[in-house]
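# Close look at the chain arrangement
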Amino acid sequence: MKKVYQDMNELCVKTAEWFVEEANKAIAKHGKFTVALSGGSTPRQLFTELANLKWQQQIDWSKVFVFWGDERFVAPTDAQSNQKMARETLLDHVSIPKENIIAVPFLATAELSAMQYEAELKQIFSDLPKFDLILLGLGADGHTASLFPGSKALTEETRWVCPSKAKAGGPERITLTYPVINHGALVCFLVTGAEKAAMVKEILNAPPGSEVYPAERIQPTSGNLLWLLDQAAASKL
Ligand code: 6PG
């Protein structure tokens, strides 16, 4: 399913409202809300919106468990850290217990960090995690999370978390793999801006089973897939 909003601002306000509903549904259903966050410019504005008292007061944050779909292999104090961004925009402003924030660890190597994150997930979830919500972005090259075109992570079928590299360079990444993302109860792409329009068209018009771009392979096996776009990102549809 897809929804198109006028601009980033409208998308973030509506998505904040919807996030509150999803959190409350999950908490009513099984006592907690597990969400995997992403980095990127749209989530930054969404998290800032969610931190508004109007929204944050509608969620019992003691029942929210926050994870990350991907992270850069940098210290949590680094400006490129997805964890830092989420803390500064949202998590530092809401009453979430610190043990409910399960961030990707920053160890000696990206491989070790990925292994440790997977070990932590295995302690929390007895089986393959079924996140209530997984937020994703879309790169203009068709990547999502840190599943980049041509990266080894695309072929991972067993591990839940693995290291990954972007062709464009930058720090190494740590990413959830397809088996985990596609097991999510609700997987949601947040995409804004005209520079994404061509790729949005490619992905949303791809024939079933197409594997040209990494984002095409996000197809929840038993969950729901939702695309939230602004008009600019949807302009070529
Ligand atoms: C990240 C994400 C990445 C992101 C896309 C889109 O942490 O950067 O892993 O997949 O969601 O690159 O990012 P923008 O929304 O900033 O364009």
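Given the structure is predicted, the values throughout are model-derived calculations rather than measurements.

Further remarks concern the pairing of strand E8 (residues 186-191). By the criterion of burial, E8 is predominantly enclosed, with six of the six residues buried. Here E8 shows two buried faces, one formed by Leu186, Cys188 and Leu190 and the other by Val187, Phe189 and Val191. Sheet topology places strand E5 (residues 133-136) next to E8; three bridges connect them, and they run parallel. Opposite leucine 135, over in E8, you have cysteine 188 as the bridge partner.

Two elements in contact, helix H2 (residues 41-50) and helix H4 (residues 82-89), have axes separated by 8 Å at closest approach and are oriented at 30°. As the angle between them shows, H2 and H4 are arranged roughly parallel. Contacts between H2 and H4 involve Pro43, Arg44, Phe47 and Thr48 from the former and Met85, Ala86 and Thr89 from the latter. Taken together, the residues that form the contact of H2 with H4 break down as four nonpolar, two polar and one charged.

Right, let's get into the packing of aromatic side chains. Counted under the stated rule, the structure contains six aromatic pairs. Seen from their ring centres, phenylalanine 67 and phenylalanine 125 are 5.5 Å apart, and the 45° between their planes marks the pair as tilted. Note that phenylalanine 67 is positioned in strand E3 (residues 64-68) and phenylalanine 125 in the loop between helix H5 (110-124) and E5, a separation of 58 residues in sequence. Judged by relative accessible area, which is 0%, phenylalanine 67 ranks as buried. Owing to a relative accessible area of 11%, phenylalanine 125 belongs among the buried residues under this scheme. Plain terms: the ring middles of phenylalanine 189 and tryptophan 227 are 3.9 Å apart, the flat faces sit at 10° to each other, and that makes the pair stacked. Residue phenylalanine 189 is found in strand E8, and its partner tryptophan 227 is found in strand E9 (residues 224-230); the two are separated by 38 residues along the sequence. Residue classification places phenylalanine 189 among the buried residues on the basis of a relative accessible area of 0%.

What follows concerns the pattern of salt bridges. Under the definition given, this model contains seven salt bridges. The salt bridge involving glutamate 22 is made with lysine 25; its shortest N-O contact spans 3.1 Å. Highlighted residues: glutamate 22 and lysine 25, both in helix H1 (residues 8-30), separated by three residues, approximately one helical turn. For glutamate 22, a relative accessible area of 14% puts it in the buried group. Between glutamate 111 and arginine 159 there is a salt bridge, with its nearest N and O atoms 3.1 Å apart.

This paragraph deals with the packing of H1 against H2. How two helices sit against one another is set out by the angle between their axes and by the gap between those axes. Taken N-terminus to C-terminus, the directions of H1 and H2 make an angle of 60°; their axes are 9 Å apart at the nearest point. In this view, H1 runs oblique relative to H2, as classed from their interaxial angle. The hand of the H1/H2 crossing is right-handed. In this structure, H1 uses Met8, Asn9, Leu11, Cys12, Val13, Thr15, Ala16, Phe19 and Val20 to contact H2, whose residues at the interface are Ser41, Thr42, Gln45, Leu46, Glu49 and Leu50. By residue class, the composition of the contact of H1 with H2 is nine nonpolar, five polar and one charged.

Looking now at the side chain of glutamine 56. Within the secondary structure, glutamine 56 sits in helix H3 (residues 53-56). In terms of polar contacts, glutamine 56 uses its side chain to reach the backbone carbonyl oxygen of histidine 93, at 3.0 Å. When residues no more than four places from it in sequence are discounted, the contact partners of glutamine 56 are Leu50, Ala51, Trp61, His93 and Val94.

Let's shift gears to the environment of leucine 107. With respect to the helices, strands and loops of the structure, leucine 107 is situated in the loop between H4 and H5. Counting along the chain gives 34 residues from leucine 107 to phenylalanine 73, while the straight-line C-alpha distance between them is 8.7 Å. If we ignore the near neighbours within four places in the chain, the residues touching leucine 107 are Phe73, Leu112, Ser113 and Gln116.

Locating leucine 136 in the fold gives a position in strand E5. Under the relative-accessibility criterion, leucine 136 is labelled buried at 1%. C-alpha separation for the pair leucine 136 and leucine 190, spaced 54 residues apart in sequence, amounts to 6.2 Å. Beyond its immediate chain neighbours, meaning those up to four positions away, leucine 136 contacts Ser38, Thr144, Ala145, Ile181, Val187, Cys188, Phe189, Leu190 and Ile218.

Conventions and cut-offs
- Residues numbered from 1 in each chain as written.
- Predicted model: local features only at pLDDT ≥ 70, side-chain atom pairs only at ≥ 80, totals over all residues.
- Heavy atoms only, no water.
- Buried < 20%, exposed > 50% of the residue type's maximum accessible area, 1.4 Å probe, protein only.
- Helix = DSSP H or I, 4+ residues; strand = E, 2+ residues; numbered from the N terminus.
- Pairing = 2+ DSSP bridges.
- Axes fitted to C-alpha atoms, helices over the stretch in contact; angles between N-to-C directions.
- Parallel < 35°, antiparallel > 145°, perpendicular 65-115°, else oblique.
- Contact = heavy atoms within 4.5 Å.
- Nonpolar A, V, L, I, M, F, W, Y, C, P; charged D, E, K, R; others polar.
- Phe/Tyr/Trp six-rings, centres within 6.5 Å; stacked < 30°, edge-to-face > 60°.
- Salt bridge = Lys/Arg side-chain N within 4 Å of Asp/Glu carboxyl O.
- Left-handed = near helix turned anticlockwise from the far one by under 90°.
- Polar contact = N/O pair within 3.5 Å; in protein donor to acceptor, adjacent residues only side chain to side chain.

These figures capture arrangement, not role.
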